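The lines below spell out each chain.
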Amino acid sequence: MFIDGKCDGCRVRGLMYGSYYCNEANCHSWFHKDCAESPLEINHHPSHPEHPLLLTKMAPAEDGTPCDFCGQEILSTCYTCPTCKFKVDLICGTKPSPSVIEHPVCHDHTLVFLKKRVEEDKAPCEVCKESIDGPSYSCLECNNVYFHLDCVNLSKEVDHPCHSIHPLIKIMPSESLIDDDDDAQKSCSLCLVQPKNVLYHCSICNFTLCLGCTKRPPPRVVNDAKTHTHPLTLFPSKIKFTCKVAGHLGHKGANCGVCRKSVRQYYGAYSCSICPKYVVHSRCAANYSAWNGVELEGIPETSEDIVPFKVVGDNLIRHCMHEKHILLLLKDYYMVGDDYKRVRCEACVSPIGFGPVYSCQECRFFLHEKCAHLPMKKNLVFSPTPYMLEYQGKAVYCNLCRLFSGGFKYTNQERWAYSFVDVHCSSISEPFVHNGHLHPLYFVETKEKRPCDACRGFRDGYMLNCSACDFDLCFYCATLPIKLWHISDEHPLTLYYGRQKATRQNWCEVCEMELDPSKWFFTCFDCGVALHDKCVLGDFSRLTPNYSIHFRGKEYLVILNNLNSRPSCRSCHDRCKAPVILQVNDEHNGYICSNSCLYRVI
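The following paragraphs examine the structure supplied in this document. All figures in this text were calculated on a predicted structure; none of them were measured in a lab.

What follows covers the overall build of the chain. Secondary structure summary: the chain contains 10 helices and 44 strands in total. Sorting the 602 residues of the chain into buried and exposed places 43% on the buried side. Counting contacts in the chain only where the partners sit at least 6 residues apart, residues at least 24 apart contribute 47% of the total.

Pasting the structure below:
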């Protein structure tokens, strides 16, 4: 296989053909085939012939030690002499550069090898015009003339195995090719990257290579039993074809679980052994936004579910997030007490409301039964590595629903992942079936803002989408409760999914403003009252009252909006309508009614 990346052995960046990778989760180490197969011992090294050099893994404390041959920092693997403490990096050990090149193809004079130079003495390479961060070759007769080690053998004209019928001519800078001929191939014919400084080009065939693919061509023949039973030979000419492994054309078969396009039955794909209708294109499955890099061939399939509690008796459990006391299962919500509308689940921070709950008999700790079963480890679409369940005791901002959230949350430390996902957003899986839409919804990630069909707000990032109807649903609306209790009504409120044409005007019972009938809102089917979702829940509904949060250097106290009169927001100066608001703890005091106002606090 090949990857466009940096070898952890020789530190050379570019396309790596037939490379090796680490099969451990969260480890993203890649090695050239030659680097991974380096010998364990080297005898008679030209820079240290008196003793053998042994392949050694550097201790973390020794990272950054300079190579005694080239002066470049040694990051991990190197060759060392246990007798003399002599060290050389991997590439200097296996492929040491000659100290002198008497007749170089890139220059008219003799070149000598130089160790890594000091920062203020740097000059660009004469071939590629890029900076030199390591050892180089220099001309003693010319002033400030230097070459990269792998550029020194490149001439103005090269013969390349991928285009053997004509020589390739060096053109520099690459923009001159674009200016001279609008039809010229502007990107590399192998890696498809458009070179910035220098390229090699055949004007007869309109064939272009970047400097990296010129120096490190792909192998002519590949043997890969997983792909094909016979050797595969490089075909240097450009033709249109459908890849037999990654092909995704045609109309027959199921849809890919990643890109939603059709998976043709004649080409390669991955399928689930448990869910036979779930298939993924080979290319989509191997994408590192969906795959953690671990190859599971030959590894027995096991379940990763970790139960978050231990059963200690009939309807009794000891939960990992509340180990000091035992929790009792109460199958009817009224058994919690008269204040069941105000009691909140410690996991999702929603009012207990309906259904069975676990209750601590020694303190006010409650969990919905379904929240008590939240797994300790969960695979989410937002990262190829699992998320872990945590109860940190502090509020975090969930970038999916755009709300501050207390209670339990799932965390992931990968640099490309959402760091925190609250339990509401983490409960959504594909296909997502919602009563607000006829068809199932699927995750889609967009960089451009697009409107949610429930709230009409514009969002970017992850949304839920129905491609057949061009229907989009943001995570805030997707996680709205279907039914809840509210202090403004004695009956439960139900989420209503809006309509385009209103038969009559509706007014919100809380703020007394008119309701937009095309947006989702809450209603009581017994009384006929209607309420905005923000008036029922607000932006701080997932924070526990009497909870302190810190944001941009200020402390805020979460309080219920049950004062004798509705306070004015310190930021927008409107009356606070949401049931949960923030009280500012600074010299000016005051209250905050929403997220947008929180960002404007001075």
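Leu367, Phe382, Leu400, Leu473, Phe475 and Cys477 are the most contacted members of the largest nonpolar core, which has 71 residues in total. In contact with Leu473, not counting residues within four places along its chain, are Phe432, His434, Leu441, Cys452, Ala454, Met463, Leu464, Ala478 and Trp520. In terms of nonpolar packing, the next biggest core, distinct from the first, is built from 46 residues, Met58, Phe69, Leu90 and Cys92 among them.

Turning our attention to the pairing of strand S25 (residues 327-330). Relative to S25, strand S24 (residues 316-319) runs antiparallel, the two being bridged by 2 bridges. Looking across to S25, one finds that Ile317 is bridged to Leu327. Note: S25 against strand S26 (residues 357-360), 4 bridges, orientation antiparallel. The residue bridging Leu329 from the neighbouring strand is Tyr358, located in S26.

Okay, the sheet that holds strand S32 (residues 409-411) next. Reading across from one edge, S28-S29-S32-S33 is the order of the 4 strands in this open sheet, with antiparallel pairing throughout. On the outer flanks of this sheet lie strand S28 (377-378) and strand S33 (420-422), each paired with one strand and no other. Two elements, S32 and S33, share 3 bridges in a ladder whose sense is antiparallel. Its bridge partner being in S33, Thr411 is matched across the sheet by Phe420.

Before going further, it helps to spend a moment on the sheet that holds strand S34 (residues 442-451). Within a sheet, neighbouring strands are paired by backbone hydrogen bonds and run either parallel or antiparallel to one another. On the basis of which strands lie adjacent, the open sheet formed by 3 strands has the order S34-S35-S36 and antiparallel pairing. With one partner strand each, in any of the chains shown, S34 and strand S36 (471-473) form the two edges of the open sheet. For this sheet, the mean inter-axis angle between neighbouring strands, taken without regard to orientation, is 50°. Judged from the 7 bridges that link them, S34 and strand S35 (residues 458-466) form a sheet pairing that is antiparallel. Bridging across to S35, Pro451 finds its partner in Phe458.

Looking now at the side chain of Arg344. Counting through the fold element by element, Arg344 comes out in the loop between S25 and S26. Lacking a salt bridge, the buried Arg344 has Glu346 as its closest oppositely charged neighbour, with an N-O distance of 9.2 Å. Within the local environment of Arg344, its side chain forms a polar contact with the backbone oxygen of Val349, the two atoms lying 2.8 Å apart. Here the side chain of Arg344 touches Ser541 through a polar contact of 3.1 Å, landing on its backbone oxygen. Each residue touching Arg344, except ones within four places of it in the same chain, is listed here: Val349, Ser350, Pro351, Ile352, Phe366, Ser541, Leu543, Pro545 and Val580.

Time to look at unusual backbone geometry. The omega torsion of the bond from Glu430 to Pro431 falls at -10°, within 30 degrees of zero and hence cis. Mapping Pro431 onto the fold places it in the loop between helix H7 (423-426) and S34. Of note in this structure, Asn546 is not a glycine but carries a positive phi near 65°. By the secondary structure assignment, Asn546 is in the loop between helix H9 (533-536) and strand S41 (548-551). For Asn546, a relative accessible area of 67% translates into the label exposed.

Now for the pattern of salt bridges. It is possible for side chains of opposite charge to pair when their charged atoms get near one another. In this structure the tally under the stated criterion is 11 salt bridges. Linking Arg542 and Asp422 is a salt bridge whose minimum nitrogen-to-oxygen distance equals 2.8 Å. Taken as a pair, Arg542 in the loop between H9 and S41 and Asp422 in strand S33 lie far apart in primary sequence, 120 residues in all. The same class applies to Arg542 as to Asp422, namely buried. Via salt bridges that share partners, Arg402, Lys449 and Asp460 belong to a single interconnected network.

On a regular strand, one side chain projects to one face of the sheet and the next to the other, so that they alternate. A one-sided burial pattern is seen for S41, the buried positions being Ile549 and Phe551 and the unburied ones Ser548 and His550. Of the strand pairs in this sheet, S41 and strand S42 (residues 554-560) are connected by 4 bridges, and their pairing is antiparallel. Each residue of the ladder has a partner; that of His550, found in S42, is Glu555. Counting the residues between successive antiparallel strands, the hairpin from S41 to S42 contains 2 residues, one of them, Arg552, with a positive phi of roughly 50°.

Next up on the list: the environment of Glu512. Within the element layout of this structure, Glu512 appears in the loop between strand S38 (489-496) and strand S39 (521-523). Classification of Glu512 by relative accessible area gives exposed; the value is 62%. Along the chain, Glu512 and His532 lie 20 residues apart, while their C-alpha atoms are 9.8 Å from each other.

The final tally for this structure, using the stated rule, is 0 disulfides. No disulfide involves Cys527; its nearest neighbouring cysteine sulfur is the one of Cys524, lying 3.8 Å away. By relative accessible area, Cys527 is classed as partly exposed at 42%.

Rules used throughout
- Note on numbering: residues in each chain are counted from 1, in written sequence order.
- Only residues with pLDDT of at least 70 get local features here, since the model is predicted, and only at 80 or more are side-chain atom pairs given and counted; chain-wide, interface and lining totals rely on the full set of residues.
- Here the side-chain values reflect all heavy atoms present in the structure, with hydrogen atoms and water set aside.
- Here a helix means four or more residues in a row that DSSP labels H or I, a strand means two or more in a row labelled E, and each is numbered from the N terminus.
- Burial status follows relative accessibility: with a 1.4 Å probe on protein chains alone, a residue under 20% of its type maximum counts as buried, one over 50% as exposed, and anything between as partly exposed.
- Contacts are assigned to residue pairs that have any heavy atoms within 4.5 Å of one another.
- Among the buried residues, those of types Ala, Val, Leu, Ile, Met, Phe, Trp, Tyr and Cys that are joined through side-chain atoms within 4.5 Å form a nonpolar core.
- The criterion for strand pairing is that DSSP finds at least two bridges linking the strands in question.
- For helices, the fitted line uses only the C-alpha atoms of the stretch in contact; every axis is such a line through C-alpha atoms, and the angle between N-to-C directions lies from 0 to 180 degrees.
- Neither His nor the chain termini are counted; the positive set is Lys and Arg, and the negative set is Asp and Glu.
- Between Lys or Arg on one side and Asp or Glu on the other, a salt bridge is scored when a side-chain nitrogen of the former is within 4 Å of a carboxyl oxygen of the latter.
- Pairs of N or O atoms within 3.5 Å make up the polar contacts considered here, provided that, within protein, one atom can donate a hydrogen while the other can accept it, and that residues adjacent in sequence are counted only when both atoms are side-chain atoms.
- Note on terminology: pairs of cysteine sulfur atoms within 2.5 Å are recorded as disulfides.

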